Amino acid sequence: MGEENNQIVLIFVISAAFVVLLAVLLILFVVIYNKRIVTQENRLQKLENERQQLLLKATIEGQERERSRLAKDLHDSIGALLSGLSLNLKFQKSKEDTNSKQFAFLEDACQLVQEGIENVRKVSHNLLPSTLEDFGLISAMEESVAFVNQYENLQIMIKCEHPKMALSNTIALGLLRVFQELIQNTIKHAEATKVNAIISCEADDIVLTYNDNGVGFNGHLKDSKGIGMKNIQSRIQALDGIFDIDYTAPKGFNARIKVPLKTESIIG
Amino acid sequence: MGISLAAELWVRTCGDSNIPFYHLYILVEYLFLLKIFQILLTHYVKNSVWKNLNFGFIVIWIFNVLLYQGWHAYPDYIHALEAFIILVLVLTWFTKMLKEKVVKNPEKTFEFWMCSGQMLFFSGNFLLFLFSNFLLSADDPVYMAVWIIHLILNLMLYSIYTIAIIWVKRTIK
């Protein structure tokens, strides 16, 4: 093999080294470029998540504002109207003979109006739970299940491990709505006889542990194709919380809701 | 490993050229690497492509061994074809990684190191594989220089494979 061929071989060697160098550069470029686009993608994703979170919070706040307006309207207009009507009927009734047909008719009417006043009060109270602001989350939870404990074949135990815990109104209202939704699901679909709800504190989080002895998770999902569950998830997401369901439990429904107690949201 | 051992035993016992084993080695290596890439590029490359790559290469390999170069010729074209296909697959994996935008630190994954090792090895050796019959006829010093480069690339490939295996272990942990 001549000198010329040896030179060709040398060119091969140099070419191989050059190609390896190019491959190294290409790999470096891929790594750096990939890091850059992934970081950018993560940043965009984070912004999108924040936007979604804000949107969710705004929607829930809007819902609560609307409920509050409705509650006030019901209480101030229809409530006042029915009270006036009740007074008039009672006045009219007092003028009638107690044995007359008119008296019996007015008696019935008074009773119906009284029921109307009571119903309006209940609806208004459900829409705007004043107990929550006046006496706190536990009292509001107890109040919202008072009717269940009276009439349904269901025992509801509510326990708070930190009775002096101070919560912001947003977190308390959110947890109350979640609790009400879970109770509704249990009553409607779970066929349970016992419910336990425990409020506790874990580091900087408030935890609501909920369990019933019903048919389990599938029962809770029956609620309008799981809309109740979606509402719960939205509310917890709006509070930056975590919603865990124990799918492994052989019987009953076990859920754990963990919401961070942000420093700015704690009232004294 | 088995093929290398058999080739070595063949030389020591029969004293004949062990090039036929090299043909076999290329086929096994290609099919093994293709299987790995099939796993790495699942849902990204169509199944028909893998079938074509498998059967197409086997057909060309058989044609080369039986009808074209024969068992005792150095399989330069087949080896260059293998290198080319593997390089295309490596580039496909890199493209997939860039498109998916999921892996933030590719240097901490087994797949990245495996692909990088193959990229360096096959790109560096591509010309050597393609013109190896010509290079075999070179003067001893040049011939040695060429195969030293091949050896260095081999060492580099297996060092990178070691890093890849370390990352597999860390990922499993």
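Preceding block: the structure.
Residues numbered from 1 in each chain as written. Chains lettered and ligands numbered in written order. Predicted model: local features only at pLDDT ≥ 70, side-chain atom pairs only at ≥ 80, totals over all residues. Heavy atoms only, no water.

## Some remarks on the interface of chain A and chain B
Then, number 1: If you look at the interface, chain A gives 25 residues, while chain B gives 29 residues.
Then, number 2: Counting every contact that joins chain A to chain B gives 2 salt bridges.
Then, number 3: For K35 of chain A, the salt bridge goes to E107 of chain B, with nearest N and O atoms at 2.8 Å.
Then, number 4: Of the residues belonging to the side of chain A that touches chain B, the class tally is 17 nonpolar, 6 polar and 2 charged. (Contact = heavy atoms within 4.5 Å. Salt bridge = Lys/Arg side-chain N within 4 Å of Asp/Glu carboxyl O. Nonpolar A, V, L, I, M, F, W, Y, C, P; charged D, E, K, R; others polar.)

## Comments concerning a nonpolar patch on the surface
All names here are of chain B.
Then, number 1: A surface patch of nonpolar side chains, amounting to about 940 Å² of accessible area, comprises L24, V28, I62, F63, L66, L67, Y68, W71 and Y77.
Then, number 2: When residues of the nonpolar patch are traced back to their parent elements, those giving at least two are α2 (19-40) and α3 (47-68).
Then, number 3: Take the nonpolar patch: its biggest share by element is 5 residues, from α3.
Then, number 4: Counting through the fold element by element, V28 comes out in helix α2.
Then, number 5: V28 sits in the partly exposed class, given a relative accessible area of 44%. (Patch = residues over 30% accessible without salt bridge, like charges linked within 9 Å, V, L, I, M, F, W, Y side chains within 5 Å. Areas by Shrake-Rupley, 256 points an atom, 1.4 Å probe, with all protein chains shown as cover. Helix = DSSP H or I, 4+ residues; strand = E, 2+ residues; numbered from the N terminus. Buried < 20%, exposed > 50% of the residue type's maximum accessible area, 1.4 Å probe, protein only.)

## Examining unusual backbone geometry
Then, number 1: Positive phi outside glycine occurs at D240 of chain A, with the angle close to 60°.
Then, number 2: If you trace the backbone, D240 of chain A turns up in the loop between α8 (227-238) and β4 (242-245).
Then, number 3: Phi angles above zero are rare outside glycine, and K101 of chain B is one such case at about 55°.
Then, number 4: On the secondary structure map, K101 of chain B appears in the loop between α4 (76-100) and α5 (110-130).

## Here we look at the packing of α2 of chain B against α3 of chain B
All names here are of chain B.
Then, number 1: Closest axis-to-axis distance for the α2/α3 pair is 11 Å, and the angle between their directions is 175°. On the basis of their axis angle, the class for α2 and α3 is roughly antiparallel. Between α2 and α3, the contacting residues are H23, L24, I26, L27, Y30, L31, L34, F37 and Q38 on the first element and N47, W50, L53, N54, F57, I58, W61, N64 and V65 on the second.
Then, number 2: For the contact of α2 with α3, the per-class residue count stands at 13 nonpolar, 5 polar and no charged. (Axes fitted to C-alpha atoms, helices over the stretch in contact; angles between N-to-C directions. Parallel < 35°, antiparallel > 145°, perpendicular 65-115°, else oblique.)

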